[in-house]
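The chain contents come next:
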Amino acid sequence: MEILKAKKIFFCGIGGIGISALARVINENGISVFGSELKKTNLTTEMEGENIKIIYKQTEENISPDFDFFIYTTAIPENHPELKKAKELKIPTLSYAQALGKLSENFKLIQISGTHGKSTTTAMIAKILLENDLDPTIIIGTLMKELGNKNFRKGNSNIMIIEGCEYKDAFLNYTPQILALTKIEPDHLDYFKTEENYYESFKKMAEKVPENGFIVYDNADKNTYDLIKDSKAKKVAWENKNIAPKVPGKFNIENASLALKVAEILNIEEKSRVRSIKEFSGTWRRMEIKDTNLKGPVFIDDYGHHPTEITLTLKAIREQNPNKKILCIFQPHQYSRTKSYLNEFAKSFEDVDQVIITEIYESRDSDEDKKAISGEILNLEINKKTGNSKFIKTIPEVADYLKNNTKWDVIITMGAGNINEIYDLI
């Protein structure tokens, strides 16, 4: 059965930023959407307002035989009670990526992939297409101002724009007509194990693009070209247009250049695409300015969780604030990632006056990983390099610290876990 011909679908882990977007698009297609989550959030509350039924516990009783599909986040284990029950009832089970792949078969697919900058570049491309009446369906791993601070849009054209994440080879479920590649460097080594495996996954992705399709890549990055050279698709290099959006950083100018090249392939008039990029002011948790009750500092929230992302983001913020006192509060994401890149993380905070390290946010980590590394160990390594680090274990403790220490001009909260919950506390 095609997903869009279903009557009733269940989403396990429906509150995730990616899977929720898929659920919302399917809901807007008139299909009854149910889901489960462990706790209520602003996002799940918003979805409930869209007539999506969410149960805040995950048990086998949630699954009944009348569901046409069971779609799940890859964060759940194989022995998850809902997944086991769905299989017992012989309900077709699909991971988020498999389900999105099936849905995308109905569209001309534009996919943005790479290690860094996927969400921002996806948002840039989406904004250009929206402002030029191409009416795309959009599924994105962040919240866009242009979508009313939502992470999805149901369009009425045959164009779909998605982020294609490489974790667990998820993006190999998609067959894009246009594959737009940001910078590629190893990540997710908890799954890929070696750098060679990581690069091989991107090579397989490139080879999925059809002969009449396009791969857009950075001509200055020889490594990327080596990964795509065997693809039969047309290879189009983007050039740095040096057209700056309203978000800082050289990397955002590069993201913009990639977006402009995709728009050119789609025959969008140059003046219009450039204007759209110049007006782009960012997305949720990407150098997002936050309002707080604490007087004095400017607060910036950012999703960065890889050493390269952290270094470039902090450098961009420092360039905007050359003489300001800057504090970065970093919540490491994954014990395995922190262990793999301990030395790189230690060198990532040279552009701030002080960094506070919290305990590591656990995600898909083994007991072996959790025994091998900690936030305190990362704190010690940073201090060996820069001497500017302080360990404060929990987010509530950091919030209390900030209430009593407002001497900073700029305070950056950073990480892919739940560090942004600090804004509810301050």
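One can find the structure itself at the top, above this paragraph.
A brief report on the enclosed structure follows. Remember, it's a predicted structure, so these values are computed and weren't measured experimentally. (Residues numbered from 1 in each chain as written. Predicted model: local features only at pLDDT ≥ 70, side-chain atom pairs only at ≥ 80, totals over all residues. Heavy atoms only, no water.)

## Describing the overall build of the chain
Condition: Secondary structure follows DSSP: runs of H or I at least 4 residues long count as helices, runs of E at least 2 residues long count as strands, and numbering of each begins at the N terminus. Put simply, the radius of gyration uses C-alpha atoms, and a globule should come to 2.2 Å times the residue count raised to 0.38. Burial classes follow relative accessibility: with a 1.4 Å probe on protein chains only, a residue under 20% of its type's maximum area counts as buried, one over 50% as exposed, and anything between as partly exposed. Contacts were defined at the residue level, with two residues in contact if any of their heavy atoms lie within 4.5 Å. What sets the accessible areas is the Shrake-Rupley method with a 1.4 Å probe; for residues, cover comes only from the shown protein chains.
When its secondary structure is counted, the chain shows 17 helices and 18 strands. The C-alpha atoms of the chain give a radius of gyration of 21 Å, which matches the 22 Å a tight globule of 426 residues would have. C-alpha atoms of the chain, sized along the principal axes, occupy 60 × 55 × 40 Å. Counting across all 426 residues of the chain, residues that qualify as buried make up 56%. Counting only contacts in the chain whose residues sit at least 6 apart along the sequence, the fraction spanning at least 24 positions is 67%. Surface summary for the chain: the accessible area is close to 18,500 Å², and the carbon and sulfur share equals 45%.

## Re the side chain of Asn379
Its location among the elements puts Asn379 in helix α15 (residues 375-385). Here Asn379 falls in the buried class, since its relative accessible area comes to 9%. If sequence neighbours within four positions are ignored, Asn379 has contacts with Ile357, Ser389, Lys390 and Phe391.

## Section: the packing of aromatic side chains
The geometry of an aromatic ring pair is captured by the separation of the ring centres together with the interplanar angle, meaning the angle of the planes. Note the following rule: Here the aromatic set is Phe, Tyr and Trp, taking the six-membered ring for Trp, and pairing holds for ring centres within 6.5 Å; pairs whose planes are under 30 degrees apart are stacked, those over 60 apart are edge-to-face, and all others are tilted. Only when the NZ of Lys or the CZ of Arg is both within 6 Å of the ring centre and within 35 degrees of the ring normal is a charge said to sit over the ring.
Applying the stated criterion across every chain, the model contains 14 aromatic pairs. Centroid distance Tyr198 to Tyr199: 6.1 Å. Interplanar angle 75 degrees. Geometry classified as edge-to-face. Pairing Phe330 with Phe345 gives two aromatic rings, centres 5.7 Å apart and planes at 35 degrees, and the pair type is tilted. Here Phe330, found in strand β15 (residues 326-330), pairs with Phe345, found in helix α13 (residues 342-346); they are 15 residues apart in sequence, far enough to count as distant. For Phe330, a relative accessible area of 0% gives the class buried. Assessed through its relative accessible area of 1%, Phe345 is described here as buried. The rings of Tyr167, Phe171, Tyr191, Phe192, Tyr198, Tyr199 and Phe202 are connected pair by pair, giving a single aromatic cluster. The side chain of Lys8 reaches across the aromatic face of Phe34, ending 4.8 Å from its centre. The ring centre of Tyr303 lies 4.4 Å from the NZ or CZ of Arg286, which sits over that ring.

## Focus on the sheet that holds strand β13 (residues 288-290)
Convention followed: A pair of strands is labelled paired if DSSP reports no fewer than 2 bridges between them. What counts as an axis is a line fitted to C-alpha atoms, over the stretch in contact for a helix, and the angles between N-to-C directions run from 0 to 180 degrees.
With mixed pairing, the 6 strands of this open sheet are ordered in space as β13-β14-β18-β15-β16-β17. Edge positions in the sheet fall to β13 and β17 (389-391), since each has one partner strand and no second. Ignoring which end each strand starts from, the neighbouring axes of this sheet average 25 degrees apart. The pairing of strand β16 (residues 354-357) with β17 spans 3 bridges and is classified as parallel. Looking across to β17, one finds that Val355 is bridged to Ser389. Running over the sheet, helix α11 (residues 307-320) touches β14 (298-302), β15 and β18 (410-414) and is turned about 165 degrees from β18. Against the sheet, α15 contacts β15, β16 and β17, and its axis sits at roughly 165 degrees relative to β17.

## Topic: helix α10 (residues 270-278)
Taken as a whole, α10 has its buried residues at Ser272, Arg273, Val274, Ser276 and Ile277. On the buried face of α10, the contacting elements are α5 (118-131) and α9 (250-265).

## Comments concerning the pattern of salt bridges
Oppositely charged side chains are able to pair whenever their charged atoms sit close together. For clarity, the threshold we go by: Counted as salt bridges are all cases of a side-chain nitrogen of Lys or Arg within 4 Å of a carboxyl oxygen of Asp or Glu.
Evaluated as defined, the whole model comprises 27 salt bridges. Here Glu279 and Lys127 are joined by a salt bridge, their closest N and O atoms 4.0 Å apart. Taken as a pair, Glu279 in the loop between α10 and β13 and Lys127 in helix α5 lie far apart in primary sequence, 152 residues in all. Each of Glu239, Lys241, Lys261, Glu264 and Arg273 takes part in a single network of salt bridges with overlapping partners.

## Some details on the packing of α5 against α10
Note the threshold: Working rule for angles: under 35 degrees goes down as roughly parallel, over 145 as roughly antiparallel, 65 to 115 as roughly perpendicular, anything else as oblique. Take the far helix as the reference: if the near one is turned anticlockwise from it by less than a right angle, the crossing is left-handed, and if turned clockwise, right-handed.
Axis separation between α5 and α10 bottoms out at 9 Å; the angle between their running directions is 130 degrees. Here α5 lies oblique to α10, going by the angle between them. Handedness of the crossing formed by α5 with α10: right-handed. Residue-level contacts link Met124, Lys127, Ile128 and Glu131 of α5 to Arg273, Ser276 and Ile277 of α10.

## Describing the side chain of Arg285
Worth spelling out the cut-off: What qualifies as a polar contact is a pair of N or O atoms within 3.5 Å, subject to a donor-acceptor requirement within protein and to the restriction that residues adjacent in sequence count only when both atoms come from side chains.
Here Arg285 shows up in the loop between α10 and β13. A polar contact of 2.6 Å, which involves the side chain of Arg285, links it to the side chain of Asp301. Of the polar contacts made by the side chain of Arg285, one reaches the backbone oxygen of Gly415; its length is 2.8 Å. Among residues more than four places away in sequence, those in contact with Arg285 are Asp301, Asp302, Tyr303, Thr413, Gly415, Ala416, Gly417, Ile419 and Asn420.

Geometric descriptors of this kind do not, in isolation, establish any biological role.
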